[in-house]
Amino acid sequence: PTSIALATRHEFDTLLIGKQIVDNIKFYNNLAQDRLEENYLRLIYRLNETSHFIIKQSEVCIAATIQGVNPNGCLTLLMPDNSLQNFELNELKYVL
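Residues numbered from 1 in each chain as written. Predicted model: local features only at pLDDT ≥ 70, side-chain atom pairs only at ≥ 80, totals over all residues. Heavy atoms only, no water.

## Side note on the packing of aromatic side chains
In this structure the tally under the stated criterion is 3 aromatic pairs. Here Y45 and Y94 contribute two aromatic rings whose centre-to-centre distance is 5.9 Å and whose plane-to-plane angle is 75°, an arrangement assigned as edge-to-face. Of this pair, Y45 sits in the loop between α2 (14-42) and β1 (50-55) while Y94 is found in strand β5 (residues 92-95), placing the two residues 49 residues apart along the sequence. Between F53 and Y94, the aromatic rings sit 5.7 Å apart at their centres with planes inclined by 70°, giving edge-to-face as the arrangement. Taken as a pair, F53 in strand β1 and Y94 in strand β5 lie far apart in primary sequence, 41 residues in all. Taking relative accessible area as the criterion, F53 reaches 3% and is therefore assigned buried. Members of the aromatic cluster, joined through ring pairs, are Y45, F53 and Y94. (Phe/Tyr/Trp six-rings, centres within 6.5 Å; stacked < 30°, edge-to-face > 60°. Helix = DSSP H or I, 4+ residues; strand = E, 2+ residues; numbered from the N terminus. Buried < 20%, exposed > 50% of the residue type's maximum accessible area, 1.4 Å probe, protein only.)

Structural data, given as C-alpha cells:
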C-alpha cells in the first residue's frame, strides 16, 4: 500500500484537504443548481404572461402572471392587486 505522503515524502494536513474538497463540491453543486434553475424557469409554460387560474379552495377565477417557482416548489403568481402569492400545484386549476 502507498499514499501521497509516502510517495512525496511530505506530510499533508488531511483536515485542510478535506475542507478544500468539500468546498469545491459545494461550489460546483451550486453552479449546477443555478444552471438547473435557469433552465427550469426558461421552460415554465406561460412564464411572465397573464393566464387564468381557478383557486380550488374558493373556486374563484383570477387572471394572474406566473413569476416563477419558490424554493419550496410552489408556483409564484403576480396577483391582480400586484401582490405575489405562492400556490402548490394542487391548489390551482389552469383555465384554457
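## Focus: α2
In a regular helix each residue adds 1.5 Å, so 29 residues correspond to 42 Å; α2 covers 42 Å between its end C-alpha atoms and thus fits that length. The opening residue of α2, the one whose side-chain oxygen lies 3.2 Å from the backbone nitrogen of L15, is D13. (Expected span 1.5 Å × (residues − 1). Polar contact = N/O pair within 3.5 Å; in protein donor to acceptor, adjacent residues only side chain to side chain.)

## Thoughts on the sheet that holds strand β3 (residues 75-78)
Pairing is antiparallel across the open sheet formed by 5 strands, whose spatial order is β4-β3-β2-β1-β5. Single-partner strands in this sheet number two, and they are β4 (84-87) and β5. Averaged over all adjacent pairs, the angle separating strand axes in this sheet is 50°, with direction ignored. The pairing of β1 with strand β2 (residues 60-69) spans 6 bridges and is classified as antiparallel. Within β2, the position partnered with S51 by the bridge is A64. (Pairing = 2+ DSSP bridges. Axes fitted to C-alpha atoms, helices over the stretch in contact; angles between N-to-C directions.)

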